[in-house]
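Fold and geometry: a report
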Amino acid sequence: MTKLLEWLFGVSFVLVAWAVVSFDLLDLSLPQTYREVAWPMPLYLLVSFGCYSLATVGYRVATFNDCEEAAKELQEQIKEAKEDLRKKGLKM
C-alpha cells in the first residue's frame, strides 16, 4: 500500500466518523453536545495542522546547519567566473 493510499484511507475514515456523528446517519441517538463538538472539528484539525506545519518549518530554519566550507568554495567559484568573464570582455 502506497503512502497516498494510506493517507486517503485515514482521511476517509475520519470523514466518515465525523459525518456519522455530525449528521447522526446511523441513528445512534447521540446527545446534542456530541454534534455541537463534532461539527467544527474539521476546522480545528485544519488549524492544528497549520500550527504544526509552521512550528516544524520554524524549527528546521532555526536549526539549519551552516556550511562554511561550501560557502568558501562557492565564493572562489564566483571569483573564477568573474575573472573568466572579464577576460572575455564582459564589464561588471
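Residues numbered from 1 in each chain as written. Predicted model: local features only at pLDDT ≥ 70, side-chain atom pairs only at ≥ 80, totals over all residues. Heavy atoms only, no water.

**Description of the confidence of the model for the protein chain**
The predicted coordinates of low-pLDDT regions are not to be read in fine detail. Operational definition: The pLDDT score gives, residue by residue, the confidence of the prediction method on a 0 to 100 scale. Starting at the N terminus, helices and strands are each numbered in turn, a helix being any DSSP run of H or I of at least four residues and a strand any DSSP run of E of at least two.
Mean pLDDT for the protein chain: 92, with 100% of residues reaching 70 or above. Taken element by element, the predicted model of the protein chain shows its lowest mean pLDDT in helix 2 (residues 32-38) (89) and its highest in helix 3 (residues 41-62) (95).

**Side note on the environment of Gln-77**
Position of Gln-77 relative to the elements: it lies in helix 4 (residues 68-87). For the pair Gln-77 and Leu-15, spaced 62 residues apart in sequence, the C-alpha separation works out to 54 Å.

**Topic: the environment of Val-57**
Looking at the secondary structure, you find Val-57 in helix 3. Sequence separation of Val-57 and Val-20 is 37 residues, and the distance between their C-alpha atoms is 35 Å.

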